[in-house]
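Single-letter residue listing:
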Amino acid sequence: MIRGLHGLFYSSEPEAMRAFLRDKVRLPHTDVGEGWLIFDLPEGDVGVHPVDEAGAPSPGTHDVSFYCDDIEGTVADLKSRGVQFKGPVQDHGYGFVTYFTMPGGVEVQLYEPKYQKSSRPASAGARSKPAQRKAAGRKTAKGAGRAKKKGR
């Protein structure tokens, strides 16, 4: 049974990129010897996208993104460790998105999804859409129990 996904970044500066992921992004890792670090991620997902009408990107292309729960806080945290971003956070429909470049010229997307992952338990403050609708329909004295919609 498949338990996860192992991804690879190819970099012209592999040692610098490993240090970047370890020290700036602060990914947990296993040192497997001879300078090789295998980075552990607590969760992951895989999407399948079509190529556009012009055939781009080329079929067989792979892409890696990091996602987070609070993009503004994550960007601020990463910037405090020297990570440089290519531009401001933008709404791409599926989530709030920005990009940074790692050593060796590897560009990575960072995003805060607008969708709720089915494999991830909801946090205490987050509710599923049915729970939000149910809570919004309750009548209470001060509106307590109504789900707040997170706006951006």
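Overview of the structure. From a predicted model like this one, the values you see are computed outputs, not experimental measurements.

Quick notes on the packing of aromatic side chains
For the coordinates displayed, the defined rule picks out 6 aromatic pairs. Arranged with centres 6.5 Å apart and planes meeting at 50 degrees, the rings of Phe 9 and Phe 66 form a pair that is tilted. Placement of the pair is Phe 9 in the segment before helix H1 (14–24) and Phe 66 in strand E3 (residues 65–67), with a sequence separation of 57 residues. Classification of Phe 9 by relative accessible area gives partly exposed; the value is 29%.

Re the sheet that holds E3
Taken together, 4 strands build an open sheet; the order of strands is E3-E6-E5-E4 and the sheet is mixed. This sheet does not close on itself; its edge strands, each paired only once, are E3 and strand E4 (90–91). Those strands touched by H1 are E3, strand E5 (95–102) and strand E6 (106–113), and its axis lies near 135 degrees from that of E5.

A closer look at the pattern of salt bridges
As a working rule, side chains carrying opposite charge can pair if their charged atoms are close by. One pass over the full model with this rule turns up 4 salt bridges. With a closest N to O distance of 2.7 Å, Asp 23 and Arg 22 form a salt bridge. Arg 22 gets classed as partly exposed once you look at its relative accessible area, which sits at 34%. Here Arg 81 ties to Asp 77 by a salt bridge, and the two come within 2.0 Å at their closest N and O atoms. Residue Asp 77 is classed as partly exposed on the basis of its relative accessible area of 37%.

Cut-offs used in this document
- Residues numbered from 1 in each chain as written.
- Predicted model: local features only at pLDDT ≥ 70, side-chain atom pairs only at ≥ 80, totals over all residues.
- Heavy atoms only, no water.
- Phe/Tyr/Trp six-rings, centres within 6.5 Å; stacked < 30°, edge-to-face > 60°.
- Helix = DSSP H or I, 4+ residues; strand = E, 2+ residues; numbered from the N terminus.
- Buried < 20%, exposed > 50% of the residue type's maximum accessible area, 1.4 Å probe, protein only.
- Pairing = 2+ DSSP bridges.
- Contact = heavy atoms within 4.5 Å.
- Axes fitted to C-alpha atoms, helices over the stretch in contact; angles between N-to-C directions.
- Salt bridge = Lys/Arg side-chain N within 4 Å of Asp/Glu carboxyl O.

Honestly, it's all geometry; don't read function into it.
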